Amino acid sequence: ALPLVGGRASTHTRASVRSTSTSFSVPTVAPRKAMAPSPASSVSLLRPRPAAALSSSSSSINLRRRASSAAAPTRAMSAAAAAPPPSSSFSGSGSGDRDGKDKFSIFAVIRAMAFYVVTLSLAFPLFCTMVVMFPLTYLKDKYRRYALSFVNDVWACVSTWAFFGVEVIGRENLPPVTTPAVYVANHASYLDIYSLFHLRRPFKFISKVSIFLIPIVGWSMYLTGHIALKRTDRKSQMKTLKDCRELLQKGASVLFFPEGTRSLDGTMAEFKKGAFSIAAKENAVVVPITLVGTSDRMRSGREWMLRPGKIRVVVHPPIQGPDADVLCEQSYTTIKQTLADYSSWPLRG
C-alpha cells in the first residue's frame with residue numbers, strides 16, 4: 001500500500017515507484033482476506049515462484065558452486081600437506097625393513113641364538129688350528145699374517161652362510177693382497193666385521209681392549225694381529241696410530257671405521273680424520289667401502305635379534321693423496337651417496 005497524502009499518493013512516492021519500475025517489475029499480490037483459507041487459496045500458495053526470484057536463486061546457487069569448485073584445489077593441497085609422508089621402501093641401510101626392525105620377533109631371537117651357537121662352535125676348532133699355525137706364521141709373515149687371516153675369513157663366511165647372504169660389489173676395485181691399503185667403511189652393526197671378512201683381504205682392524213678378553217674370539221683376534229685400543233686413554237690412541245703406520249710401512253693393510261663407533265639407528269655419522277691422516281702421511285691408498293643392510297639384519301643394541309635378508313659390501317675405487325681433509329671428504333661423500341643410491345634395493349632373500 002502506498003502512503004497517502006490528502007487521499008492521494010504523494011508525488012515523491014509516485015516518482016520513486018516509477019524509477020524502480022524501470023529497473024524491474026514488482027509482482028502484484030492480491031491482499032488476503034481475514035478469513036479461513038479456502039481450497040482455491042491453498043492452491044494459490046502452491047503456485048510457482050516468480051521468474052525473477054527463480055533467476056536470483058539460480059544465480060546464487062551457481063555462485064556457491066563456483067566458489068566451492070575454486071576452493072576444492074586449495075582444500076586438496078591443504079589435505080596433502082597435512083597428510084603424513086608415504087613410508088619409504090628403503091631396505092638397504094636401513095628402511096623398508098627399518099619400519100619393522102624395531103619390532104620384537106621371536107623368530108628373529110631364535111635366529112640370533114642359532115647364529116651365535118654356530119659361530120662359537122666354529123670358533124673353537126678354528127682357534128685350535130690358529131694356535132698350531134701361529135709360530136710358523138709369526139716367523140714368516142709377522143705383520144700381514146695372511147694364513148691366520150684366511151682362517152678368520154673361513155670362520156666368517158661359514159658362520160653367515162645359513163643366516164644371511166653377503167654380496168660383494170666392485171671386487172675388482174680391491175688392491176692386490178700384497179699392497180698396503182687403508183680400508184674405511186661405515187659402521188652400523190655387529191655384523192660389519194663378518195661382512196668385511198668376505199673381501200678376503202688380510203687387514204688389521206682396531207677394537208676395544210675388552211673385546212680381546214673374550215675367550216676364543218678375542219684370543220683369535222690377538223693371534224691374527226688386530227689392534228687393541230683404550231678409547232679413553234690418550235696414550236693408547238697415539239700408540240694405535242703409530243702401530244697402524246708401522247703396519248703400512250711393513251706391507252700390511254688396516255681397516256678403520258671413521259665414525260668411531262656403531263650407529264644406533266643406521267644413520268651415518270661424521271668421519272674422524274685419523275685414518276686419513278695416516279694414509280696421507282704414508283702415501284697409502286684409501287679404499288672406501290659401503291656396507292648396505294647390516295643394520296637391517298642386526299641393529300646395534302639389539303644383538304639378540306637377527307632378521308633374514310641380504311647384505312651388500314660395495315667396494316669403491318681407491319683414492320690417494322697428501323691431503324687428509326680431501327681424502328676424508330671424498331670417502332664420506334662416496335659412502336653416504338652409495339647408501340642413498342642403494343636405499344630402494346630390496347635386500348630380502
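Below, the structure is looked at part by part. (Residues numbered from 1 in each chain as written. Predicted model: local features only at pLDDT ≥ 70, side-chain atom pairs only at ≥ 80, totals over all residues. Heavy atoms only, no water.)

**Focus on the environment of Ile216**
- Examined against the element boundaries, Ile216 turns out to sit in the loop between helix H8 (209-212) and helix H9 (217-224).
- For Ile216, a relative accessible area of 17% corresponds to the buried category.
- In this structure the C-alpha to C-alpha distance between Ile216 and Leu126, which are 90 residues apart in sequence, comes to 9.3 Å.
- Other than its neighbours up to four places away in sequence, Ile216 contacts Ala123, Phe124 and Phe127. (Helix = DSSP H or I, 4+ residues; strand = E, 2+ residues; numbered from the N terminus. Buried < 20%, exposed > 50% of the residue type's maximum accessible area, 1.4 Å probe, protein only. Contact = heavy atoms within 4.5 Å.)

**Notes on the sheet that holds strand E5 (residues 203-208)**
- With respect to topology, 7 strands assemble into an open sheet ordered E3-E9-E8-E4-E7-E5-E6, the strand pairing being mixed. Edge positions in the sheet fall to strand E3 (165-169) and strand E6 (227-229), since each of these pairs with one other strand and no more. This sheet shows a mean twist of 25 degrees between the axes of neighbouring strands, independent of strand direction.
- As paired strands, E5 and E6 are joined by 3 bridges and run parallel to one another. Residue pairing for E6: Lys208 is matched across the bridge by Leu229. (Pairing = 2+ DSSP bridges. Axes fitted to C-alpha atoms, helices over the stretch in contact; angles between N-to-C directions.)

**Considering unusual backbone geometry**
- Located in the positive-phi region is Arg200, a residue other than glycine, with phi close to 60 degrees.
- As for its placement among the helices and strands, Arg200 is situated in the loop between helix H7 (192-196) and E5.
- Arg200 sits in the partly exposed class, given a relative accessible area of 42%.
- Even without being a glycine, Asn283 presents a positive backbone phi close to 55 degrees.
- The topology assignment puts Asn283 in the loop between helix H11 (274-282) and strand E8 (285-292).

**Regarding the packing of H11 against helix H13 (residues 324-341)**
- Interhelical geometry of H11 versus H13 gives an angle of 125 degrees and a closest axis separation of 8 Å. On the basis of the axis angle, H11 is oblique to H13. As H11 packs across H13, the resulting crossing turns out to be right-handed. Where H11 abuts H13, its residues Phe276, Ser277, Ala279 and Ala280 lie against Ala324, Leu327, Cys328 and Ser331.
- Taken together, the residues of the contact of H11 with H13 sort by class into 6 nonpolar, 2 polar and no charged. (Parallel < 35°, antiparallel > 145°, perpendicular 65-115°, else oblique. Left-handed = near helix turned anticlockwise from the far one by under 90°. Nonpolar A, V, L, I, M, F, W, Y, C, P; charged D, E, K, R; others polar.)

**As for H13**
- Between its first and last C-alpha, H13 extends 26 Å over 18 residues, near the 26 Å set by a 1.5 Å rise per residue.
- Of all the positions in H13, only Ala324, Leu327, Cys328, Ser331, Tyr332, Ile335, Thr338 and Leu339 are classed as buried. Buried residues along H13 cover an arc of 140 degrees about the axis, so they all sit on one side.
- Lining the buried residues of H13 we find strand E4 (181-185), H11, E8 and strand E9 (310-315). (Expected span 1.5 Å × (residues − 1). Arc of directions from axis to C-beta.)

**Thoughts on the packing of aromatic side chains**
- Going through the model one piece at a time under the given rule, you end up with 15 aromatic pairs.
- Ring plane angle 55 degrees and centroid distance 6.3 Å describe the contact between Phe197 and Phe205, whose orientation is recorded as tilted. Summarising the burial analysis for this pair, Phe197 and Phe205 share the class buried.
- Plain terms: the ring middles of Phe271 and Tyr332 are 5.2 Å apart, the flat faces sit at 85 degrees to each other, and that makes the pair edge-to-face. Note that Phe271 is positioned in the loop between strand E7 (253-256) and H11 and Tyr332 in helix H13, a separation of 61 residues in sequence. (Phe/Tyr/Trp six-rings, centres within 6.5 Å; stacked < 30°, edge-to-face > 60°.)

**Concerning the pattern of salt bridges**
- Applying the stated criterion across every chain, the model contains 6 salt bridges.
- Glu303 is the partner of Arg262 in a salt bridge, and the nearest nitrogen-oxygen pair spans 3.3 Å. One end of the pair, Arg262, is in the loop between E7 and H11; the other, Glu303, is in the loop between helix H12 (294-297) and E9, with 41 residues separating them in the sequence.
- Lys273 is paired through a salt bridge with Asp325; the nearest N and O atoms lie 3.4 Å apart. Residue Lys273 is located in the loop between E7 and H11, and its partner Asp325 is located in helix H13; the two are separated by 52 residues in the primary sequence.
- Exposure remark for Lys273: the relative accessible area of 40% places this residue in the partly exposed category. (Salt bridge = Lys/Arg side-chain N within 4 Å of Asp/Glu carboxyl O.)

On their own, these measurements won't tell you what the molecule is for.
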